[in-house]
Amino acid sequence: MSKLQIVRLYHDLLGTYGDQGNAEVLIHRAKARGFEVELHEVAPGESIPDSADIYLLGGGEDGPQSIALEMLLVDGGLNRAVAKGASLLAVCAGFQLIGTALPNSAGQDVKGLEIVDVTTIYTEQERCVGELVIAGELDSDGNQSILTGFENHQGRTKLGKGVSPLGIVLRGFGNGMANDSGQIDEGVQMGNVFGTYMHGPVLARNPTLADQILTSSLGALATYDDEFAQALALERRATLWPNN
Ligand code: GLN
């Protein structure tokens, strides 16, 4: 098989709380399964290749987020790549950017990348800061996956009709608004596109999510028992969600 191509976008603008480390986790876990991996750093102003396998967008403050949005819209490479089936992990500001609309740094609502049908607004409510715990999908043994991360955002994000979240909030804010069933959604998952408010970096804290993203690109993966990654995930879960 050809090398797995990973693109890390604008990490100088969008890389709060170590989000750029998500690339390292994917590389490590893909190599552990025998895949060769190539990482492409795309700096602001450089053109975005549209033929890679996995794209990563991180979180950022409002100013850098607005600058990133303008460049992503003008370039169009990320949209083309996702339309061709590439996988995408977008964290916090990145998650907001891939939606249909969000506030810019001047507080005006602007068009997002329109990759997923989610809309972000700023409200007068408190800022969403702290540890976040979500219940993700059931694994092959029927166990609910519990994911954890750190969140810090003002935006609250509503999913469009029929759009699935990455999980349901157990602790923290997540997307910050109740859905029609009164639960609070966290993130989004649509095909190979994953959006979340979880920093950490999220893939270091949640190896199952890292493998889900790799699987979306590579297909079924061999088991990989990374005891350190597993121990961190379990420690965070046990501390933040002891009921589980
Ligand atoms: N600027 C966005 C907000 O505050 C995203 C913040 C972030 O990426 N941590 O909602």
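One can find the structure itself at the top, above this paragraph.
The following paragraphs examine the structure supplied in this document. Keep in mind that what you see is a predicted model, and the values were worked out from it rather than measured. (Residues numbered from 1 in each chain as written. Predicted model: local features only at pLDDT ≥ 70, side-chain atom pairs only at ≥ 80, totals over all residues. Heavy atoms only, no water.)

Some thoughts on the pattern of salt bridges
Argument step 1. Across all of its chains, the model carries ten salt bridges by this definition.
Argument step 2. Where Asp 211 meets Arg 33, a salt bridge forms, and the shortest distance between an N and an O atom there is 2.8 Å. Separated by 178 residues along the polypeptide, Asp 211 in helix H6 (residues 207-218) and Arg 33 in the loop between helix H1 (21-31) and strand S2 (37-42) bring together distant segments of the chain. Exposure class is identical for Asp 211 and Arg 33. Each is buried. (Salt bridge = Lys/Arg side-chain N within 4 Å of Asp/Glu carboxyl O. Helix = DSSP H or I, 4+ residues; strand = E, 2+ residues; numbered from the N terminus. Buried < 20%, exposed > 50% of the residue type's maximum accessible area, 1.4 Å probe, protein only.)

Some points on the side chain of Thr 196
Argument step 1. Secondary-structure assignment places Thr 196 in strand S14 (residues 193-196).
Argument step 2. Within the structure, Thr 196 has its side chain in polar contact with the side chain of Glu 186 (distance 2.8 Å).
Argument step 3. Look past the residues within four positions of Thr 196 in its chain and what remains in contact with it is Leu 89, Ala 90, Val 91, Cys 92, Phe 95, Leu 166, Glu 186, Gly 187 and Val 202. (Polar contact = N/O pair within 3.5 Å; in protein donor to acceptor, adjacent residues only side chain to side chain. Contact = heavy atoms within 4.5 Å.)

Thoughts on the sheet that holds strand S12 (residues 185-186)
Argument step 1. Strand order across the open sheet formed by four strands is S9-S8-S11-S12, with antiparallel pairing between neighbours. Edge positions in the sheet fall to strand S9 (144-153) and S12, since each has one partner strand and no second.
Argument step 2. Against the sheet, helix H7 (residues 227-240) makes contact with strand S8 (128-138), S9 and strand S11 (167-171), and its axis sits at roughly 80° relative to S9, the strand it touches most. (Pairing = 2+ DSSP bridges. Axes fitted to C-alpha atoms, helices over the stretch in contact; angles between N-to-C directions.)

A few points about the site of the ligand
Argument step 1. Not every one of the 14 residues close to the ligand is listed here, only the nearest: Asp 62, Cys 92, Gln 96, Asn 152 and Gly 155.
Argument step 2. Gly 155 places a polar main-chain atom, nitrogen or oxygen, 2.8 Å from an oxygen atom of the ligand.
Argument step 3. Protein contact buries 97% of the 300 Å² of open area that the ligand shows by itself.
Argument step 4. Put simply, the parts of the chain that give the shell around the ligand at least two residues each are helix H2 (62-75), helix H4 (93-97) and S9.
Argument step 5. Broken down by class, the residue content of the shell around the ligand amounts to three nonpolar, nine polar and two charged. (Near = heavy atom within 4 Å. Areas by Shrake-Rupley, 256 points an atom, 1.4 Å probe, with all protein chains shown as cover. Nonpolar A, V, L, I, M, F, W, Y, C, P; charged D, E, K, R; others polar.)

Brief notes about the pairing of strand S10 (residues 155-159)
Argument step 1. The buried fraction of S10 is high, at four of five residues.
Argument step 2. In this structure, strand S7 (residues 118-122) lies alongside S10, joined through five bridges in antiparallel fashion. Bridging from a neighbouring strand, Ile 121 pairs with Arg 156 of S10.

Re the sheet that holds S14
Argument step 1. Here six strands make up an open sheet; going across it, the order is S2-S1-S3-S4-S14-S13 and the pairing mixed. Only two strands of the sheet have a single neighbouring strand rather than two, namely S2 and strand S13 (188-190). Taking the axes of each pair of neighbouring strands and ignoring which way they run, one obtains an average angle of 10° across the sheet.
Argument step 2. Across four bridges, the pairing between strand S3 (residues 54-57) and strand S4 (residues 87-91) is parallel. Each bridged residue has a counterpart across the sheet, and for Tyr 55 the counterpart in S4 is Leu 88.

Topic: H7
Argument step 1. Taking 1.5 Å of rise per residue, the 14 residues of H7 would be expected to cover 20 Å, and the 20 Å separating its terminal C-alpha atoms lies within 8% of that figure.
Argument step 2. Looking at H7, one finds that the buried residues are Ala 229, Ala 233, Arg 236 and Leu 240. Considered in projection along H7, the buried side chains sweep an arc of 65° and stay on one side of the axis. Set apart from the buried face of H7 by more than 90 degrees, the exposed residues are Glu 227 and Phe 228. (Expected span 1.5 Å × (residues − 1). Arc of directions from axis to C-beta.)

Re unusual backbone geometry
Argument step 1. The step from Gly 200 to Pro 201 runs through a cis peptide bond, and the omega angle for that step is 0°.
Argument step 2. Residue placement: Pro 201 occurs in the loop between S14 and helix H5 (202-205).
Argument step 3. A positive phi angle, close to 50°, is found at Tyr 10, a residue other than glycine.
Argument step 4. Of note, Cys 92 is a non-glycine position whose phi angle comes to about 50°, a positive value.
Argument step 5. Following the sequence through the fold, Cys 92 ends up in the loop between S4 and H4.
Argument step 6. Residue Cys 92 is classed as buried on the basis of its relative accessible area, which comes to 5%.

Focus on the environment of Arg 236
Argument step 1. With respect to the secondary-structure elements, Arg 236 resides in helix H7.
Argument step 2. Judged by its relative accessible area of 18%, Arg 236 falls in the buried class.
Argument step 3. In this structure the C-alpha to C-alpha distance between Arg 236 and Gly 149, which are 87 residues apart in sequence, comes to 8.6 Å.
Argument step 4. One polar contact links Arg 236 to Glu 235, side chain to side chain, over a distance of 2.9 Å.

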